[in-house]
Amino acid sequence: MDLRLGAEQPTEEERSAVDGEVGSGERHRLLPVLHALQSRIGWISPGAVNHVAARLMIPPAEVFGVASFYGMFSLEPRPARAAQVCDDIACLIQGAAPQHPHVGCLGLCDRWGQPPALHAGRLLYRVGKADPASLRDYIRHAGYKALAKALEMGPDSVIREVLASKLLGRGGAAFPAGKKWQAVRASASPTRYVVCNADESEPGTFKDRVVMEGDPFAVIESMTIAGFAIGAECGYLYVRGEYPLAAERLTHAIHEARAHGVLGGNILGRGLSFDIELRRGAGAYICGEETALFNSIEGYRGEPRNKPPYPTEAGLFGQPTLVNNVETLINVPGIVLDGGAAYAAIGTAYSTGTKLYCLSGHVARSGVYEAVFGATLRELIEMAGGVAGSGRLQAVLLGGAAGAFVSPQELDTPLTFEGTRAIGASLGSAVVMLFDDTVDLKKILLRIAAFFREESCGQCVPCRIGTVRQEELLDRGGQDAIPILREVGQAMRDASICGLGQTASSAIESALNRGLLHE
Amino acid sequence: MSDSPSPLIPIPRGPLPAIPPPPERRLVRIAIDGQAVSVPEGATLLEAARGIGIDTPTLCYLENLTPVNVCRVCVVELEGSRTLVPACSRKVEPGMSIHTDSERVRLSRRLVLELLASSVDLSAAPAAQAYLERYAAHPERFGPAASTAAQPVKIDNSLYVRDYGKCILCYKCVEACGVDAQNTFAIAVAGRGFEAHISTEYGVPLPESACVYCGNCIGVCPTGALMFKSEFDMRQARVWDESSQTQTDTICPYCGVGCTLTVHAQDGRIVKVTSPLDQPVTNGHLCIKGRFGWQFVETITSDTSPPTPRVAP
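Rules used in this analysis
Residues numbered from 1 in each chain as written. Chains lettered and ligands numbered in written order. Predicted model: local features only at pLDDT ≥ 70, side-chain atom pairs only at ≥ 80, totals over all residues. Heavy atoms only, no water. Helix = DSSP H or I, 4+ residues; strand = E, 2+ residues; numbered from the N terminus. Rg over C-alpha atoms; globule rule 2.2 N^0.38 Å. Buried < 20%, exposed > 50% of the residue type's maximum accessible area, 1.4 Å probe, protein only. Contact = heavy atoms within 4.5 Å. Areas by Shrake-Rupley, 256 points an atom, 1.4 Å probe, with all protein chains shown as cover. Lys, Arg positive; Asp, Glu negative; His and termini not counted. Charge placed at Lys NZ, Arg CZ, Asp CG, Glu CD. Domains from an automatic or database assignment. Buried area = accessible area lost by both parts, 1.4 Å probe. Salt bridge = Lys/Arg side-chain N within 4 Å of Asp/Glu carboxyl O. Polar contact = N/O pair within 3.5 Å; in protein donor to acceptor, adjacent residues only side chain to side chain. Axes fitted to C-alpha atoms, helices over the stretch in contact; angles between N-to-C directions. Parallel < 35°, antiparallel > 145°, perpendicular 65-115°, else oblique. Left-handed = near helix turned anticlockwise from the far one by under 90°. Nonpolar A, V, L, I, M, F, W, Y, C, P; charged D, E, K, R; others polar. Pairing = 2+ DSSP bridges.

Peer 1: Sorry if this is basic, but what is going on with the overall build of chain A here?
Peer 2: Across its full length, chain A holds 23 helices and 11 strands. A compact globule built from 519 residues should have a C-alpha radius of gyration of about 24 Å, and chain A, at 23 Å, falls within 12% of that. Projected onto its principal axes, the C-alpha positions of chain A cover 60 × 60 × 45 Å. Taking all 519 residues of chain A together, 63% fall into the buried category. Sequence-distant contacts in chain A: of pairs separated by 6 or more residues, those separated by 24 or more amount to 71%. On chain A, roughly 18000 Å² of surface is accessible, and the fraction owed to carbon and sulfur atoms is 52%. Taking the average location of the 49 positive side-chain charges in chain A and that of its 57 negative ones, the two points are 3 Å from each other.

Peer 1: Looking at this model, I keep getting lost on the domain arrangement of chain B. Mind explaining?
Peer 2: Where interface size is given, it is often the accessible area lost as the parts come together that is meant. Residue and element names in this part refer to chain B. For chain B, the domain assignment lists domain 1 (27–101), domain 2 (107–142), domain 3 (152–240) and domain 4 (241–302). Facing eight residues of domain 2, the contacting portion of domain 3 comprises 10 residues. Of the roughly 620 Å² buried where domain 2 meets domain 3, counting both sides, 66% is carbon and sulfur surface. Together, Val120, Asp121 and Ala124 form the three largest contributors to the area buried by domain 2 at its contact with domain 3, with a combined 60%. In this structure, Lys166 and Asp121 form a salt bridge, with 3.6 Å as the shortest nitrogen-oxygen distance. At the boundary of domain 2 and domain 3, one finds one residue pair in polar contact (both at pLDDT 80 or more).

Peer 1: Looking at this structure, I do not really get the packing of helix H2 (residues 103–119) of chain B against helix H3 (residues 126–134) of chain B. What am I missing?
Peer 2: A pair of packed helices can be characterised by two numbers: the angle between their axes and the separation between those axes. All names here are of chain B. Contact geometry of H2 with H3 gives a least axis separation of 10 Å together with a crossing angle of 130°. Between H2 and H3, the angle is such that the two are oblique. The crossing of H2 and H3 is left-handed. Packed against H2, whose contacting residues are Arg106, Arg109, Leu113, Glu114 and Ala117, the element H3 presents Tyr131, Leu132 and Arg134 at the interface. Looking at the contact of H2 with H3 residue by residue, the class counts come to four nonpolar, no polar and four charged.

Peer 1: Explanation requested: the sheet that holds strand E10 (residues 246–251) of chain B in the structure shown.
Peer 2: Pairing between the strands of a sheet comes from backbone hydrogen bonds, and it takes one of two forms, parallel or antiparallel. Residue and element names in this part refer to chain B. The sheet built from three strands is open, its strands ordered E10-E11-E12 with antiparallel pairing. Looking at the sheet topology across the chains shown, the edges are occupied by E10 and strand E12 (269–274). Each neighbouring strand pair of the sheet contributes to a mean axis angle of 30°, computed without reference to strand direction. Taken together, the six bridges between E10 and strand E11 (residues 260–266) define a ladder with antiparallel strand orientation. Its bridge partner lying in E11, Ile251 is registered against Thr260.

Peer 1: Looking at this model, I keep getting lost on the interface of chain A and chain B. Mind explaining?
Peer 2: In this assembly, 52 residues from chain A lie in contact with 50 residues from chain B. Both faces combined, the contact of chain A with chain B buries some 4000 Å², and carbon together with sulfur accounts for 56% of it. When the area that chain A buries against chain B is broken down by residue, the three leading residues are Arg4(A), Arg469(A) and Asp494(A), summing to 15%. Counting across the interface, chain A meets chain B through four salt bridges. Ionic pairing is found between Asp494(A) and Arg104(B), a salt bridge with its closest N-O pair at 2.7 Å. Our count for the chain A to chain B interface comes out at 26 residue pairs in polar contact (both at pLDDT 80 or more). Counting residues per element, the ones that place at least two in the side of chain A that touches chain B are helix H3 (46–56), helix H4 (60–67), helix H19 (441–455), helix H20 (461–476) and helix H21 (481–495) of chain A. Broken down by element, the side of chain A that touches chain B gets its largest block of residues, 10 residues, from H20(A). Residue classes in the side of chain A that touches chain B are distributed as 25 nonpolar, 13 polar and 14 charged.

Peer 1: Looking at this structure, I do not really get the pairing of strand E8 (residues 367–372) of chain A. What am I missing?
Peer 2: Within a regular beta strand, the side chains point alternately toward one face of the sheet and then the other, so they alternate between its two faces. All names here are of chain A. Most of E8 is tucked away: five of the six residues are buried. Both strand E1 (residues 117–119) and E8 contribute to a ladder of three bridges, which runs parallel. If you follow His119 over to E8, its bridge partner there is Tyr369. Bridge count for strand E7 (residues 354–361) against E8 is six bridges, and the pairing is antiparallel. Among the inter-strand pairings, Leu359 is bridged to a residue of E8, identified as Gly367.

This is the structure:
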């Protein structure tokens, strides 16, 4: 490519930051390179962009286009360290002052008041018990038993068990995990990828962070089992940029696993080859959308792709790709060890296994709660010590900003995929955020609307402009605004490219439908 | 040249192998608005609908560019699909049943047009204007305080202007500047959400960017956001009159490629140059010479008398 670069030259420090991360010199190194510049220099300068462009052979306009997409990168000088004070909904109701610009949820909603609660079942039993930095300790707590068993069983048997478990994806869409595994396994292409979606960014969600920080080896082992089962040699672990501790612990876990022969070449002496590359997001909620995540890894703007083709046919680098969320993946070792049928016996006929919930807001003990599918919303709230604040519940936000508000009359809803669907809600990212009767719900809805406006990638018209109009109409209020608001919502739901736009009106419409929004 | 076979090239004995016939494109049967149609495998829903005379609106779609399906004005209802699907890029599959004019389709199309018209100046986009009327769009209902993309016009060179207050972010200019035509990559989409915009690196003026002034971005722009400086100046002076203009096809005189030019003239003076999209040599794309190098036609007369360029009617 014949690049034309600007006149600005990089400083020595910028040159060194870039050159240390360039690696193979391919475009997919762009995000790590930009991270290196941001963290070492404090901003991404024109001279640095010229150097990145020359080293990675990417036109400077495109380097700029990618860098300007992410909230964590600055294209003008700013101090290397910048404090971020979350002003998203969970913190807003605790008295956080609105920031300009807004600071999106940092996934620390369990830190209000007392130490975060943890109610562990079969998934979280190692968290807080095993040393997250020690592979030895992980193995002492039954770690890597499942990989060893999977290698004995063979790939097809592993997939059979995952299918038999009826495990549904925990990322929000509830797609049968086994079907994805089967589809990628059956692909004719010799190159396949495993991608672990650890870009947990839904406001009020922090369960995957707790897993990654508390049990990082479980994520690595689960990805390795997936790689073995579908026949992939390479996995990408895409961790939310705002989760530095999780990224640090996972990086350490990857190094430890490689050093002890359970990751890399000839795993457990069995000739299996599978390695994992960790990628850090850079402040873009949309990159949790699987195809936007691929573009982000590949060094492009995190804009979702049109589907079909689906990731199982053409995903990362155009190859068949298995994408699973962190929570989905860490269910796999248990399925391999106990068998799919035993797993399917837990929970309800359709929603099998256990589920991690993120309780926050006006609840007595916020934190992550693991419960068998089928527990009701009321039981879950009681597990967490009941309603805090005024003690009088106004509404519960279920599933996150892309989820729905449910009213106190709906607390006996069983928390299953089918149970929540029956009341026009969804489990989404398993946010359970409580609001007492002192909260001005309109403020909360406005903050949610601002969230979607700020996080829309801007690619398609319904979402790019619809999220702006939604916020304006909500702010304007009044009876004449409501029908327009509903039409904007329908167009976003029907005509947006991806799940972000399709659910950007969900929480607001749920509040309208339940009469929770008082003008 | 000698008739003896070259020792380097083995000559096959016996009859020459026959060239295999091109693979037949299988036909796929689908239903459009209840009407059964057969369309070649690999065709899009847009092609299938246009094939039976259904006029599907498009803004970001153009025959000579890769579909990006971002404007969403072409959406249709596909039975069994949770959401509407973009006709411009969705390929036909056997047994599909689509509806191109259902309530849901009309609502989304109307809203897309209202959202655009309430934020962007569509006064130089006749196609969009016609769609607004066709779908009875009322962009003014978002109120006078609705945010817009209004901003000053960028004039940083003598050949073309960029008025991003008219930009609907259809990505066409980025595609034409990139792999779909020019491979220059002077511009890209920058920023995110409502702040997303077309930009050079750090927004530097075009003369400092990689731009080679092929003008192919102008050729594909559907809203007049990218415009010949000549047209922009005439519009500012309120003398731009498309109804009085002539369009004359000719061949570019500069090099041996032989690109077809369409010369647009008003009052006997060239006002801009385009190339037909269906022209096999250009696919609608030109270079700086063909696109902008016509001033010599007007400088052949003396400075004292008004120029009388010769343009065939």
